[in-house]
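What follows is each chain in one-letter form.
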Amino acid sequence: FLFDTKMIWIPECRPGFVLSTACYKIMEKYNQEFGFYPKIVLLQNHGVFVAANSIKEIDLIVLYLLSSLKAYIVRFPDFTACDYDEQMFKTVQE
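Basis of the calculations
- Residues numbered from 1 in each chain as written.
- Predicted model: local features only at pLDDT ≥ 70, side-chain atom pairs only at ≥ 80, totals over all residues.
- Heavy atoms only, no water.
- Helix = DSSP H or I, 4+ residues; strand = E, 2+ residues; numbered from the N terminus.
- Contact = heavy atoms within 4.5 Å.
- Pairing = 2+ DSSP bridges.
- Axes fitted to C-alpha atoms, helices over the stretch in contact; angles between N-to-C directions.

Peer 1: Would you take a moment to explain the environment of Ala52 for this structure?
Peer 2: By secondary structure assignment, the location of Ala52 is in the loop between strand 3 (47-50) and helix 2 (55-70). Between the alpha carbons of Ala52 and Pro38 there is a distance of 9.6 Å; along the sequence they are 14 residues apart. Not counting the four nearest positions on each side in its chain, Ala52 is found in contact with Lys39, Glu57, Ile58 and Ile61.

Peer 1: How do you make sense of the sheet that holds strand 3 when you look at a structure like this?
Peer 2: The pairing of strands in a sheet happens through backbone hydrogen bonds and is either parallel or antiparallel. Spatially, 1-2-3 is the arrangement adopted by the 3 strands of the open sheet, whose pairing is mixed. Edge positions in the open sheet fall to strand 1 (7-10) and strand 3, since each of these has one partner strand only. Across the sheet, the mean angle separating the axes of adjacent strands is 20° when strand polarity is ignored. Here strand 1 runs beside strand 2 (residues 40-43); their pairing, made up of 4 bridges, is parallel. Opposite Ile8, over in strand 2, you have Val41 as the bridge partner.

Right, dumping it as structure tokens:
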């Protein structure tokens, strides 16, 4: 596992009551198994939620997430500036 037991995954489901009920059940199951609630919740098609007692702790968790993901990236995009036709760019912008 990429994040081992440090997080939970909430599968795609309808928003609102259905999603909140799914989150509650999965978080309670996690708490029963590990004795605490997860600090990272990944919601399919929604994003990442991070819980902590301070902004510093949130920053550390986000850094952990990013560095863990970065370790799995095989090739990074090339963001080197490139030449372009400035007049054409202005024309397209209009």
